[in-house]
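Analysis of the macromolecular model
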Amino acid sequence: DVAVASAHPLATQAGIEILEQGGNAFDAAVAVTAALAVVEPAGSGLGGGGFWLLHQAETNKDIMVDGREMAPGKASTDMYLNQQGEFEQSRSLNGPLAAGIPGVPAGIVYLSEHYG
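1. Section: the layout of surface pockets
A volume near 460 Å³ is recorded for the largest pocket. What lines the largest pocket is a set of 22 residues, among which Ala5, Ala29, Val32, Thr33 and Trp52 lie closest to the centre. For the lining of the largest pocket, the secondary structure elements donating two or more residues are helix 2 (25-39) and strand 1 (50-56). Grouping the amino acids of the lining of the largest pocket by side-chain chemistry returns 16 nonpolar, six polar and no charged.

2. Notes on the nonpolar core
Residues Phe26, Ala29, Val30, Trp52, Leu54, Ile63, Val65, Val104, Ile108, Leu111 and Tyr115 constitute the largest nonpolar core, which totals 11 residues. Looking at this core, the elements with two or more residues in it are helix 2, strand 1, strand 2 (61-67) and helix 4 (104-115). At four residues, helix 4 tops the list of elements feeding residues into this core. Sequence-distant contacts of Leu54, defined by excluding residues within four places in its chain, comprise Ala25, Phe26, Ala29, Lys61, Asp62, Ile63 and Leu111. Ala14, Val32, Ala35 and Leu36 belong to the second largest nonpolar core, which has six residues in total.

3. Let's talk about the environment of Ala35
By the secondary structure assignment, Ala35 is in helix 2. Residue Ala35 is classed as buried on the basis of its relative accessible area, which comes to 16%. Setting aside its immediate chain neighbours within four residues, Ala35 contacts Ala11 and Ala14.

4. Overview of the pairing of strand 2
In the sheet, strand 1 pairs with strand 2 via seven bridges, with the strands oriented antiparallel. Residue pairing in the sheet places Leu54 in a bridge with Ile63 of strand 2. Where strand 1 folds back onto strand 2 in an antiparallel hairpin, the turn is made up of four residues, including Asn60, whose phi is positive at roughly 55°.

5. Examining the packing of aromatic side chains
One pass over the structure, following the stated rule, counts two aromatic pairs. Taken together, a centroid distance of 4.9 Å and an interplanar angle of 25° make the contact between Phe26 and Tyr115 stacked. With Phe26 in helix 2 and Tyr115 in helix 4, the pair connects residues that are 89 residues apart, well separated along the chain. Just as Phe26 is buried, Tyr115 falls in that class too. Put simply, the rings of Phe26, Tyr110 and Tyr115 pair up and form one aromatic cluster.

6. Some words on the packing of helix 2 against helix 4
Contact geometry of helix 2 with helix 4 gives a least axis separation of 9 Å together with a crossing angle of 160°. The angle between helix 2 and helix 4 falls in the class roughly antiparallel. Considering the relative orientation of helix 2 and helix 4, their crossing is left-handed. In contact with Phe26, Ala29, Val30 and Thr33 of helix 2, helix 4 contributes Val104, Ile108, Leu111, Ser112 and Tyr115. Split by residue class, the contact of helix 2 with helix 4 holds seven nonpolar, two polar and no charged.

7. Describing the pattern of salt bridges
Evaluation of the coordinates by the stated rule reveals two salt bridges. Arg91 is the partner of Glu88 in a salt bridge, and the nearest nitrogen-oxygen pair spans 3.6 Å.

Analysis parameters
Residues numbered from 1 in each chain as written. Predicted model: local features only at pLDDT ≥ 70, side-chain atom pairs only at ≥ 80, totals over all residues. Heavy atoms only, no water. 1 Å grid on protein atoms, 1.4 Å probe; cavity = no way out; pocket = protein on both sides within 12 Å on 5 of 7 lines; lining within 4 Å. Points joined across faces, edges and corners; volume = space filled by probe spheres on them. Helix = DSSP H or I, 4+ residues; strand = E, 2+ residues; numbered from the N terminus. Nonpolar A, V, L, I, M, F, W, Y, C, P; charged D, E, K, R; others polar. Core = buried A, V, L, I, M, F, W, Y, C linked by side-chain atoms within 4.5 Å. Buried < 20%, exposed > 50% of the residue type's maximum accessible area, 1.4 Å probe, protein only. Contact = heavy atoms within 4.5 Å. Pairing = 2+ DSSP bridges. Phe/Tyr/Trp six-rings, centres within 6.5 Å; stacked < 30°, edge-to-face > 60°. Axes fitted to C-alpha atoms, helices over the stretch in contact; angles between N-to-C directions. Parallel < 35°, antiparallel > 145°, perpendicular 65-115°, else oblique. Left-handed = near helix turned anticlockwise from the far one by under 90°. Salt bridge = Lys/Arg side-chain N within 4 Å of Asp/Glu carboxyl O.

Here it is as structure tokens:
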């Protein structure tokens, strides 16, 4: 028996199809992630972050992959402060300083290369 759960039935179906074609749970997780980027772009996608928690039955090992967004390499502790040293929330929400580096692409590549 196979089981796949996701936030959208089409993404779930993508994972099931991968399993039916001989892929493993990690391959299915990659397919579900890619499908969610298409069918639920406001809540999932390649431009964001995610977590994958999977179980490898052969080794009885639980695998957690953290693909959350990261701050850019040049981020600093004072990048959201104004000239008076006060925090300006708008800098953290809008504009180039508010951008994070997406983690989903690296997460699905890691899953595929190491476990798929």
